[in-house]
Amino acid sequence: MRSESQMYNLILETAKNDVRVKAVYMNGSRTNENVPKDMFQDYDIVYVVEETGSFIENKDWIRVFGDILYMQYPDENPNYPNDRKNSYGYLMQFTDGNRMDLTLQSVDYALQHIKEDKLCKILLDKEKILPEIELSTDRHRWVKKPAKEQYLAACNEFWWCTNNIAKGLWRREIPYVQDMTNDCVRPQLITMLNWKAGILTDWSVSTGKSSKYLYRWLSEEEWQILLSTYFDGDVDHAWAAVFRMCGLFENTARFVGEKLGWEYNENEGKAARSFLERVHQLSQNG
């Protein structure tokens, strides 16, 4: 695998040697000092260019970056909107293991959008066209303190949607149960755990994409319980995981409510759990 310095040299030399490229900046995990460094981090690179058309017409020009194992042209996907005149991307997985997500941006587009992502670092600016930007930070992604209404809504959404999980498990409709769990119920649990992390750190951290760094602020027991809520296609395994999810949510919601001065709705949680348990018994008897 090519080293980080080799990749940066290639990216910058290619830009320097192409008169159409006016500047280069980078965003993503490699600009975030709070993200653990490893060999699978993408190179999220933006080339600021005079125009995108000539690059798009000749797709072979990207071969300069290395042997491509496979790739994607996201702006060629008919299912998503695009503005190819101003922004065009190449997602490249190289045979040596490196990956680069390269985006072309017109000068006007870059000037309008470069400050939107605080995890941004300018690598090259041939003609000093880019504005000065603040040091890269993930501050805009820190867990935010909720309002009381948000806290109560998360609790209500979690418990209400367990109703659908119960019915789905009784019917043995695992695809539906998975969707209800992962699209409706689990997000409320993750949100509550994020709020706990925010409380423990005085609202000064990001838990990462998909909250993948939550383990840093949970106890080992809590983290293992969370992992155990991801179940397979077995109905009995799903029931056990859902009850573990309920216990973890309940404990976390009580903690968050207590620390923020709000009363957790015990009656709501008990009512929802009692329904789950009744349907579980029906499931076993059926």
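For the structure itself, consult the block above.
Note that the coordinates shown come from a computational prediction; the quantities given were computed from them, not determined experimentally. (Residues numbered from 1 in each chain as written. Predicted model: local features only at pLDDT ≥ 70, side-chain atom pairs only at ≥ 80, totals over all residues. Heavy atoms only, no water.)

### Re the packing of helix α4 (residues 148-170) against helix α7 (residues 235-260)
In contact at an axis separation of 12 Å, α4 and α7 are set at 170° when each is read in the N-to-C sense. Accordingly, the angle class assigned to the pair α4 and α7 is roughly antiparallel. Side by side, α4 and α7 meet where Tyr151, Ala154, Cys155, Phe158, Trp159, Thr162, Ile165, Ala166 and Leu169 of the first sit next to Val235, Ala238, Trp239, Val242, Met245, Cys246, Phe249, Glu250, Ala253, Arg254, Val256 and Gly257 of the second. Looking at side-chain class alone, the contact of α4 with α7 contains 17 nonpolar, 2 polar and 2 charged residues. (Axes fitted to C-alpha atoms, helices over the stretch in contact; angles between N-to-C directions. Helix = DSSP H or I, 4+ residues; strand = E, 2+ residues; numbered from the N terminus. Parallel < 35°, antiparallel > 145°, perpendicular 65-115°, else oblique. Contact = heavy atoms within 4.5 Å. Nonpolar A, V, L, I, M, F, W, Y, C, P; charged D, E, K, R; others polar.)

### A look at helix α6 (residues 220-228)
Regarding α6, the residues found buried are Glu222, Trp223 and Leu226. Along α6, the residues classed as buried sweep out an arc of 100° about the axis, all on the same side. Facing away from the buried side of α6, by more than 90 degrees, are the exposed residues Glu220 and Glu221. Buried positions along α6 lie against α5 (174-200) and α7. (Buried < 20%, exposed > 50% of the residue type's maximum accessible area, 1.4 Å probe, protein only. Arc of directions from axis to C-beta.)

### What about the packing of α4 against α5?
Where α4 contacts α5, the axes come no closer than 9 Å and their chain directions differ by 155°. Considering the angle they form, α4 stands roughly antiparallel to α5. Seen along the crossing, α4 lies across α5 with a hand that is left-handed. Between α4, through Gln150, Tyr151, Ala154, Cys155, Glu157, Phe158, Cys161, Thr162, Asn164, Ile165, Gly168 and Leu169, and α5, the contact on the second element is made entirely by Ile174, Tyr176, Val177, Met180, Thr181, Cys184, Val185, Gln188, Leu189, Met192 and Trp195. Among the residues forming the contact of α4 with α5, the class breakdown is 16 nonpolar, 6 polar and 1 charged. (Left-handed = near helix turned anticlockwise from the far one by under 90°.)

Read these as geometric descriptors, not functional statements.
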